[in-house]
Amino acid sequence: AIASEDLKFTLQEVLDTFKSCLSEHKEVFLEHYVAGWRGLVRFMNCLGSVFSFISKDAVNKIQILVNHLNGENGAHYVTIQSMVKYELDSQLVDLTKRGSFPESGCRTLLRLHRALRWLELFLERLRTSTEDSNTSVMCSEAYNESLAQHHAWIIRKAAGTAFWALPGRATFFDVLNVGSPEQVMAVLGDTLPLISEVYKVTEDLYAQNNILELP
Ligand code: 1PZ
């Protein structure tokens with residue numbers, strides 16, 4: 001089951017999941033958000049085992065959120081908005097230092113949310129790249145502008161090393177599994193605004209609730 005899941009990745013699928021994330025009132029459905037991440041992890045697994053320390057962490061966080069969704073308080077976790085309200089109202093979040101709630105939905109999702117910013121920056125670079133652009137460079141630039149600011153030195157070091165193992169642009173496009181480079185560019189053009197929108201809605205929600213720096 002794992003093998004066939006690994007093979008079946010297409011960028012189009014990720015696009016479709018992120019499309020279904022937002023309700024008409026701009027609420028973010030956690031189930032679809034998590035599904036979008038599952039797709040991204042599947043993609044990362046196609047890139048080789050150097051990235052497994054990264055995908056392990058992502059899978060871990062996805063699982064924590066799924067457990068909340070399927071738990072007895074799952075009804076509160078239908079949207080990110082309801083999750084934030086429920087966990088804050090019920091004091092289920094460590095606000096200033098790590099303590100009783102290392103697996104709160106709020107802090108867990110924040111980590112994925114920050115990674116989504118990396119993805120946005122990286123895909124934007126990819127979309128505007130040319131044949132001789134270097135994926136490793138694009139990846140580390142995007143990382144340094146976003147996630148790196150939240151990571152300790154040792155993780156930045158490990159991530160930086162992994163980036164050099166990224167396949168070149170042509171192989172990368174093949175793995176995206178969309179078609180010709182022109183088609184890849186077109187799908188990226190469709191996908192990016194959706195990812196940006198989900199990112200922005202989440203960012204605003206976290207800012208309003210003053211939880212952008214959860215430990
Ligand atoms: C396509 C190549 C993939 C590049 C991915 C770029 C992101 C590099 C992230 C490296 C982090 C790996 C190890 C885990 C770190 C965790 O300490 C942090 C903070 O969590 P905490 O310790 O506070 O619980 N985890 C994260 O920051 C979440 C990282 C998720 C990375 C998902 C990448 C998604 C890639 C999609 C591929 C298209």
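(A) Summary view of the layout of surface pockets. In this model, the largest pocket occupies a volume close to 900 Å³. Elements with a minimum of two residues in the lining of the largest pocket: helix H3 (30-45), helix H4 (52-70), helix H6 (105-127), helix H7 (135-145), helix H8 (153-163) and helix H9 (169-176). At nine residues, the largest contribution of residues to the lining of the largest pocket is made by H6.

(B) Structural detail: the packing of H7 against H8. Two elements in contact, H7 and H8, have axes separated by 9 Å at closest approach and are oriented at 160 degrees. Judged by the inter-axis angle, H7 sits roughly antiparallel to H8. Classified by chirality, the crossing of H8 by H7 is right-handed. In contact with Ser 136, Cys 139, Ser 140 and Tyr 143 of H7, H8 contributes Ile 155, Arg 156, Ala 159 and Phe 163. Looking at side-chain class alone, the contact of H7 with H8 contains five nonpolar, two polar and one charged residues.

(C) Broad picture of the side chain of Glu 87. Residue position: Glu 87 is located in helix H5 (residues 80-89). No salt bridge is formed by the buried Glu 87. Its closest oppositely charged neighbour is Arg 107, at 9.5 Å. Here Gly 105 takes part through its backbone nitrogen, which lies 2.7 Å from a polar atom of the side chain of Glu 87. Residues within four places of Glu 87 in sequence aside, it is in contact with His 68, Tyr 77, Leu 92, Val 93, Ser 104, Gly 105 and Cys 106.

(D) Focus on the packing of aromatic side chains. All chains considered together, the criterion is met by five aromatic pairs. Ring geometry for Tyr 77 versus Tyr 86: centroids 5.8 Å apart, planes at 75 degrees, classification edge-to-face. For the pair shown, Tyr 77 and Tyr 86 are each scored as buried. Through a chain of ring-to-ring contacts, three or more aromatic side chains come together here, namely Phe 43, Trp 118, Phe 122 and Phe 172. Note that Arg 117 overlies the ring of Tyr 199, its terminal NZ or CZ placed 5.9 Å from the centroid.

Conventions we followed
- Residues numbered from 1 in each chain as written.
- Predicted model: local features only at pLDDT ≥ 70, side-chain atom pairs only at ≥ 80, totals over all residues.
- Heavy atoms only, no water.
- 1 Å grid on protein atoms, 1.4 Å probe; cavity = no way out; pocket = protein on both sides within 12 Å on 5 of 7 lines; lining within 4 Å.
- Points joined across faces, edges and corners; volume = space filled by probe spheres on them.
- Helix = DSSP H or I, 4+ residues; strand = E, 2+ residues; numbered from the N terminus.
- Axes fitted to C-alpha atoms, helices over the stretch in contact; angles between N-to-C directions.
- Parallel < 35°, antiparallel > 145°, perpendicular 65-115°, else oblique.
- Left-handed = near helix turned anticlockwise from the far one by under 90°.
- Contact = heavy atoms within 4.5 Å.
- Nonpolar A, V, L, I, M, F, W, Y, C, P; charged D, E, K, R; others polar.
- Buried < 20%, exposed > 50% of the residue type's maximum accessible area, 1.4 Å probe, protein only.
- Lys, Arg positive; Asp, Glu negative; His and termini not counted.
- Salt bridge = Lys/Arg side-chain N within 4 Å of Asp/Glu carboxyl O.
- Polar contact = N/O pair within 3.5 Å; in protein donor to acceptor, adjacent residues only side chain to side chain.
- Phe/Tyr/Trp six-rings, centres within 6.5 Å; stacked < 30°, edge-to-face > 60°.
- Lys NZ or Arg CZ within 6 Å of the ring centre and 35° of its normal.

Worth remembering: the numbers are spatial, not functional.
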